[in-house]
Amino acid sequence: MKASAKLITIAAITGVMTLTATGCSVARDQQTVGAYIDDAAISTAIRARFIEDRLVSAAAIKVETLNGEVQLTGFAKTQAEKDRAEELARMTSGVKSVRNSIVVRP
């Protein structure tokens, strides 16, 4: 299995685990079940892009999505890393907007 296929498989498994573990958030009337699944898929796709990218540290940046609006938080070593994370998120299918709250901390 190629490295990129392994990364996508890992990202998909992580997404399923996230859905299973946090399914209760739909009960808080934040969104429909379908929208919740779509948002989880968006977050997983963004994380997979981070894993594949050499500039972005996937472990240091958290991705949350609500109704297609992505929130990026965490830490970046450079402004270029912060900007690249936002770019990768914006390029992901289904993303309506991105709020980049990543803090640059060398």
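Just so we're clear, the structure is a prediction, and the values are computed from it rather than from any experiment. Per-chain numbering applies: the sequence of each chain, read as written, is numbered from 1 onward. Selection of residues for local features in this predicted model requires a pLDDT of at least 70, selection of side-chain atom pairs for listing and counting requires 80 or more, and totals for whole chains, interfaces and linings are taken over all residues. Side-chain figures throughout are based on the complete set of non-hydrogen atoms in the structure, without hydrogens or water.

## Some remarks on the side chain of Lys82
Next up, step 1: Along the chain, Lys82 turns up in helix α3 (residues 79-90).
Next up, step 2: When accessible area is computed with a 1.4 Å probe and restricted to protein chains, residues below 20% of their type maximum are described as buried, those above 50% as exposed, and intermediate ones as partly exposed. Charge convention: Lys and Arg are scored as positive, Asp and Glu as negative, and His as well as the terminal groups of each chain are ignored. For this analysis, a salt bridge means a side-chain nitrogen from Lys or Arg found within 4 Å of a carboxyl oxygen belonging to Asp or Glu. Comment: no salt bridge for buried Lys82; closest opposite-charge side chain is Asp83, at 6.2 Å.
Next up, step 3: Discounting chain neighbours no more than four positions away, the residues touching Lys82 are Ala76, Asn100, Ile102 and Val104. In DSSP terms, a helix is any run of H or I states spanning at least four residues, a strand is any run of E spanning at least two, and both are numbered starting from the N terminus. Residues count as neighbours in contact if any of their non-hydrogen atoms are within 4.5 Å of one another.

## A short note on α3
Since the α-helix packs 3.6 residues into each turn, any two residues three or four apart lie on the same face.
Next up, step 1: The first and last C-alpha atoms of α3 sit 17 Å apart over twelve residues, in line with the 16 Å expected at 1.5 Å per residue.
Next up, step 2: Listing the buried residues of α3 in full gives Glu81, Lys82, Ala85, Leu88 and Ala89. When α3 is viewed along its axis, its buried side chains cluster within an angular range of 130 degrees and face the same direction.
Next up, step 3: Contacts from the buried residues of α3 go to α2 (33-52), β1 (61-66), β2 (69-76), β3 (97-100) and β4 (103-104). Multiplying 1.5 Å by the helix residue count minus one yields the expected span of that helix. The arc in question is the one spanned by the directions pointing from the helix axis to the C-beta atoms.

## Considerations on the packing of aromatic side chains
Next up, step 1: The pairing test for Phe, Tyr and Trp rings, Trp by its six-membered ring, is centres within 6.5 Å, and the orientation test on the planes gives stacked under 30 degrees, edge-to-face over 60, and tilted for anything in between. Counted according to the given criterion, the structure contains zero aromatic pairs.
Next up, step 2: We note Arg105 situated over the ring of Phe75; from NZ or CZ to the ring centre the distance is 3.7 Å. By definition here, charges over rings are those cases where NZ of Lys or CZ of Arg is within 6 Å of the ring centre and within 35 degrees of the ring normal.

## Focus: the pairing of β3
Next up, step 1: Along β3, the buried face is formed by Val98 and Asn100; none of Ser97 and Arg99, which line the opposite face, is buried.
Next up, step 2: Two strands make a pair as long as DSSP finds a minimum of two bridges between them. Pairing of β2 with β3 involves four bridges; the strand directions are parallel. Across the sheet, residue Gln71 finds its bridge partner in β3, namely Arg99.
Next up, step 3: The definition of a right-handed crossover adopted here requires that, viewed with the strands pointing away, the path from the first strand over the helix to the second runs clockwise. Between β2 and its parallel partner β3, the chain crosses via α3, and the hand of that crossover is right-handed.

## Looking at the environment of Leu88
Next up, step 1: Relative to the elements of secondary structure, Leu88 occurs in helix α3.
Next up, step 2: Residue classification places Leu88 among the buried residues on the basis of a relative accessible area of 4%.
Next up, step 3: Here the alpha-carbon distance between Leu88 and Ile46, two residues 42 residues apart in the chain, equals 6.9 Å.
Next up, step 4: Leu88 has contacts with Arg49, Phe50, Asp53 and Val56, leaving out every residue within four places of it along the chain.

## Topic: the confidence of the model for the protein
Next up, step 1: In the predicted model, the protein carries a mean pLDDT of 84, and the fraction of residues at 70 or more is 71%.
Next up, step 2: Note on residues 21-27: pLDDT under 50 across the span, and eight contacts to partners over four residues away in sequence or across chains. Known as pLDDT, the predictor's per-residue confidence is scaled from 0 to 100.

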